[in-house]
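Listed here are the chains, written in short residue letters.
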Amino acid sequence: MSRQSPTPKWRELAIGMAITEPGSSRYNRTGDWRSNRPVWKFEACVRCGMCSIFCPEGCIGMQKDGLPLANMEYCKGCGICEAECWTGCIAMEEEKE
Amino acid sequence: MVELRFHGRGGQGAVTSAELLALTAIDQGKYAQAFPSFGPERRGAPVVAFARIDDKPIRMRVAVREPNYVIVLDPSILKIVNTSDGMPAQGSVQVLNTSRTAAELRKDFGLKGKLVTVNANRIAAEEIGRVITNTTMLGALVRATGLVDVDGMIVQLKERFGRIAEGNIKAFRRAYEECVIEG
Amino acid sequence: MAQRKGMEVSIAIAEAASACDVDCIAAYPITPQTHVVEHLAEIVAEGELDAEFIPVESEHAALSACIGCAAAGARTFTATSSQGLALMHEVLFIASALRMPMVMVVANRALSGPINIWNDHSDVMTERDVGWLQVFAENGQEAVDLVILAHKISEDHRVLLPIMVHFDGFIVSHMIEPLSLPDRDEVKKFLPNFVPAMRLDIDNPISMGPVGMPTVYTEAKMVAEAAVRGSYGPIVETFKGFGDMFGRHYRPVETYRSEDAEIMMVTMGSISETAMTWVDAQRERGEKVGLVRFRLWRPLPIEDFKNAVRGAKALTVIDRHFSPGGPGGPVSAEIKQVLYGTADAPQIVEFVAGLGGRDINMEDFDQMYGKTKAVLAGAPVPPFELIQVRGGHHGEI
């Protein structure tokens, strides 16, 4: 299914404006909003996965080696991962221009 | 079209009287309405209910103001309510639960027209075991007006009251026999 | 076969919903709708109807639950009145915007204050703009028939809108009267199983109710306009199908003895019945008077109405609600809007009557008719008048 135009004509709207394509929120690259980014010091990481669980965006996945990886296209830079990381291996750094 | 008003006290079954009459009339192929005077109901307070019966569809969505027939379920109502209100000068009938005679009631309350008296309190106490006079008074009403068949009413009484129908039917039949029609 | 019998209209409405084999009922009891909900709860508890009865904590919750039921693909029914409908207000818009088929019966009752449990149309008339279809029943038989019709219309894939069936509180809802209750098999033939156009389904996920940004909200409202107005055709078709099958015929605009009428009364709801009796009496006296009323209130059947009143010299419009400080009652306001600029439009004389349970009797019709005749005889058209008010409306303010 192709992505719906952001300015559809009224006849093009789905019944009740329902969104019929699962996962279509991925089209919204919300990482654009970010002013701070999380940076991991992996040498201190114990691979507990707390950052992944608490990320409200669900953009932190755990890799095969057990280390977390954030998808920066969706990370809004909220800092919750930094606050929840009990080993202190995540630091929020300002986005550069 | 005939219009009826039932006077009683909350809990005595004035509404049930009106309903049973209308249901019997409808079962016999007529058109009828029955409805309470709408509002908060308090046990013991004076209440009224209404009914209409006709051979053709009834198109009236207002309370009955000029009843041809008035049924008074409680003897004490006459002292506090003008039960004759709105009744036509000719052809009106009042069916009254009382231990007194029609002549006495005419003298004390200025009642006019045909009066039908029956001691429904006593009949209900003896046959039903409680002074609930709605079904008893229907006996006098049916006798005095012939609005519906006796058998049709008994069918309704059986349906409504189930295992306690027998006493109500006896009370209904006794009032039918014992009521005094005057005027 | 349906059997003619006497019964209380509220009970008959509950039986009609049951005959429609509804799947879900979420409703909160409120006078004078209570007997409908009580009886449905009983029918479900007795196992006579295989449905989910959700005893909610408020009308707001009732309608919210109904949206959930309809979204899951259930045939959905609810009932309310007055303050209950007002409490549903914000949810009403959502049910229609989400295109949720459902039927709600409304036992019309005045809104507080002062607290009043009796009949008028202030509850329905303040919910004109919510995007629901709305029909009026004048008696018990019509209420029963319209419940069945409403399910069929609402679920039609060309319609997919919630629908309100209005019937007057007490004077209809609590009336014992003769009616014919179609049995389950007959209804099933007319109203097959509900086939949702879309529904919540974990194997085929969709999202309902997303935000509508300024870039799309106008388009969404255009959809609402097209959907409600566009339901007219399917509604007329469904009325006809029902008439063919059950022998009782409904039209978007109903008339009574309106042929050659110079003055036509415009009424809504059950006062139309009393008005018919009044019209009969006037016709016997040689008065050229008739009656017209909206069966269908949304969508407003504009062309049918224009055709119905063509030739009339004056309309006596009786509203049962008004907007204080406004131009008049809602029905007359809409009629004026519809007829404005029409060649040979009739004079419109507006009245408000029957508020909060006050009966509209023969002498009230006489009074309104007399004032309308005076206008035809050359008197100036008066502003809308609250008749029946002690102290008088005009000249006192």
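This is a predicted model, so every value here is computed, not measured.

Could you clarify how one ought to interpret the overall build of chain A in this entry?
Across its full length, chain A holds two helices and four strands. Listing each helix as α and each strand as β along chain A from the N terminus yields β-α-β-β-α-β. For chain A, whose C-alpha radius of gyration is 17 Å, the value lies well above the compact-globule estimate of 13 Å for 97 residues. With the principal axes as the frame, chain A shows a C-alpha extent of 55 × 30 × 20 Å. Expressed as a percentage of the 97 residues in chain A, the buried residues total 32%. Partitioning the contacts of chain A with sequence separation of at least 6, the portion at a separation of at least 24 is 61%. Carbon and sulfur atoms make up 52% of the accessible area of chain A, which amounts to about 6700 Å² in all. Between the centroid of the 12 positive side chains of chain A and the centroid of its 13 negative side chains there is a distance of 7 Å.

Before we go on, may I ask you to explain the interface of chain C and chain A in this structure?
Quite often, the size of an interface is put as the accessible area lost when its parts meet. In this complex, chain C contributes 19 residues to the contact, which on the side of chain A involves twelve residues. Scanning the region where chain C abuts chain A turns up zero salt bridges. Joining chain C to chain A, the criterion identifies one residue pair in polar contact (both at pLDDT 80 or more). If one sorts the elements of the side of chain C that touches chain A by residue count, helix α8 (residues 214-230) of chain C sits on top with seven residues. Taken together, the residues of the side of chain C that touches chain A break down into 14 nonpolar, three polar and two charged.

Would you explain a negative patch on the surface in this entry?
There is a patch of like negative charges on the surface, built from Asp 21, Asp 23, Asp 50 and Glu 52 of chain C. Within the secondary structure layout, Asp 23 of chain C lies in the loop between α1 (9-19) and β2 (24-27).

Please explain the packing of aromatic side chains as it appears in this structure.
For the coordinates displayed, the defined rule picks out twelve aromatic pairs over all chains. Three or more aromatic residues joined by ring pairs form one cluster here, namely Phe 190, Phe 239, Phe 242, Phe 246 and Tyr 250 of chain C. In this structure, Arg 4 of chain C is placed above the aromatic ring of Tyr 31 of chain B, and the distance from its NZ or CZ to the ring centre is 4.9 Å. Lys 152 of chain C extends its terminal NZ or CZ atom over the ring of Phe 190 of chain C, reaching a point 4.8 Å from the ring centre.

Explanation requested: the pairing of strand β10 (residues 263-267) of chain C in the structure shown.
For a regular strand, the rule is simple: side chains alternate between the two faces of the sheet. All names here are of chain C. Most of β10 sits out of view: five of its five residues are buried. Residues Ile 263, Met 265 and Thr 267 line one face of β10 and the alternating positions Met 264 and Val 266 line the opposite face, and both faces are buried. Bridge count for β10 against strand β11 (residues 289-294) is five bridges, and the pairing is parallel. Within β11, the residue paired with Met 264 across the bridge is Gly 290.

Would you explain the sheet that holds β2 of chain C in this entry?
Two pairing modes exist for strands in a sheet, parallel and antiparallel, and in both the strands are linked by backbone hydrogen bonds. Residues and elements named next belong to chain C. Read from one edge to the other, the open sheet built from seven strands follows the order β3-β2-β4-β5-β7-β6-β12, with strand pairing classed as mixed. One side of each edge strand has no neighbouring strand; the edge strands of this open sheet are β3 (52-55) and β12 (296-298). Strand-to-strand twist across the sheet, computed as the mean angle between neighbouring axes with direction ignored, equals 20°. Looking at chain direction, strand β6 (residues 133-136) and β12 are connected through two bridges and run antiparallel. Residue pairing for β12: Gln 134 is matched across the bridge by Arg 298. Along the sheet, helix α6 (residues 140-155) makes contact with β4 (76-80), β5 (103-108), β6 and β7 (163-168), crossing β7 at roughly 170°.

What exactly am I supposed to notice about the side chain of Glu 334 of chain C here?
Residue and element names in this part refer to chain C. Assignment of secondary structure puts Glu 334 in helix α12 (residues 330-339). A distance of 2.7 Å separates polar atoms of two side chains, one belonging to Glu 334 and the other to Arg 298. Here Glu 334 is in contact with Arg 128, Trp 297, Arg 298 and Leu 300, once residues within four sequence places are set aside.

Explanation requested: the interface of chain C and chain B in the structure shown.
The interface of chain C with chain B comprises 28 residues on the first partner and 22 residues on the second. Each partner contributes to the roughly 2100 Å² buried at the junction of chain C and chain B, and carbon and sulfur atoms together form 58% of this total. At the junction of chain C and chain B, the tally comes to three salt bridges. The salt bridge involving Arg 61 of chain B is made with Glu 177 of chain C; its shortest N-O contact spans 2.9 Å.

Even after reading the chapter, I still don't get the packing of α1 of chain C against α6 of chain C, so can you show me in this structure?
What describes two packed helices is the angle between their axes and the distance between those same axes. Residue and element names in this part refer to chain C. At a minimum axis separation of 9 Å, α1 and α6 run at an interaxial angle of 20°. Taken together, α1 and α6 sit at an angle that is classed as roughly parallel. For the pair α1 and α6, the sense of crossing is right-handed. Between α1 and α6, the residues in contact are Val 9, Ala 12, Ile 13, Ala 16 and Ala 17 and Gly 140, Ala 143, Val 144 and Val 147, respectively. Each residue belonging to the contact of α1 with α6 can be placed in one class, and the counts come to eight nonpolar, one polar and no charged.

Calculation criteria
- Residues numbered from 1 in each chain as written.
- Chains lettered and ligands numbered in written order.
- Predicted model: local features only at pLDDT ≥ 70, side-chain atom pairs only at ≥ 80, totals over all residues.
- Heavy atoms only, no water.
- Helix = DSSP H or I, 4+ residues; strand = E, 2+ residues; numbered from the N terminus.
- Rg over C-alpha atoms; globule rule 2.2 N^0.38 Å.
- Buried < 20%, exposed > 50% of the residue type's maximum accessible area, 1.4 Å probe, protein only.
- Contact = heavy atoms within 4.5 Å.
- Areas by Shrake-Rupley, 256 points an atom, 1.4 Å probe, with all protein chains shown as cover.
- Lys, Arg positive; Asp, Glu negative; His and termini not counted.
- Charge placed at Lys NZ, Arg CZ, Asp CG, Glu CD.
- Salt bridge = Lys/Arg side-chain N within 4 Å of Asp/Glu carboxyl O.
- Polar contact = N/O pair within 3.5 Å; in protein donor to acceptor, adjacent residues only side chain to side chain.
- Nonpolar A, V, L, I, M, F, W, Y, C, P; charged D, E, K, R; others polar.
- Patch = residues over 30% accessible without salt bridge, like charges linked within 9 Å, V, L, I, M, F, W, Y side chains within 5 Å.
- Phe/Tyr/Trp six-rings, centres within 6.5 Å; stacked < 30°, edge-to-face > 60°.
- Lys NZ or Arg CZ within 6 Å of the ring centre and 35° of its normal.
- Pairing = 2+ DSSP bridges.
- Axes fitted to C-alpha atoms, helices over the stretch in contact; angles between N-to-C directions.
- Buried area = accessible area lost by both parts, 1.4 Å probe.
- Parallel < 35°, antiparallel > 145°, perpendicular 65-115°, else oblique.
- Left-handed = near helix turned anticlockwise from the far one by under 90°.

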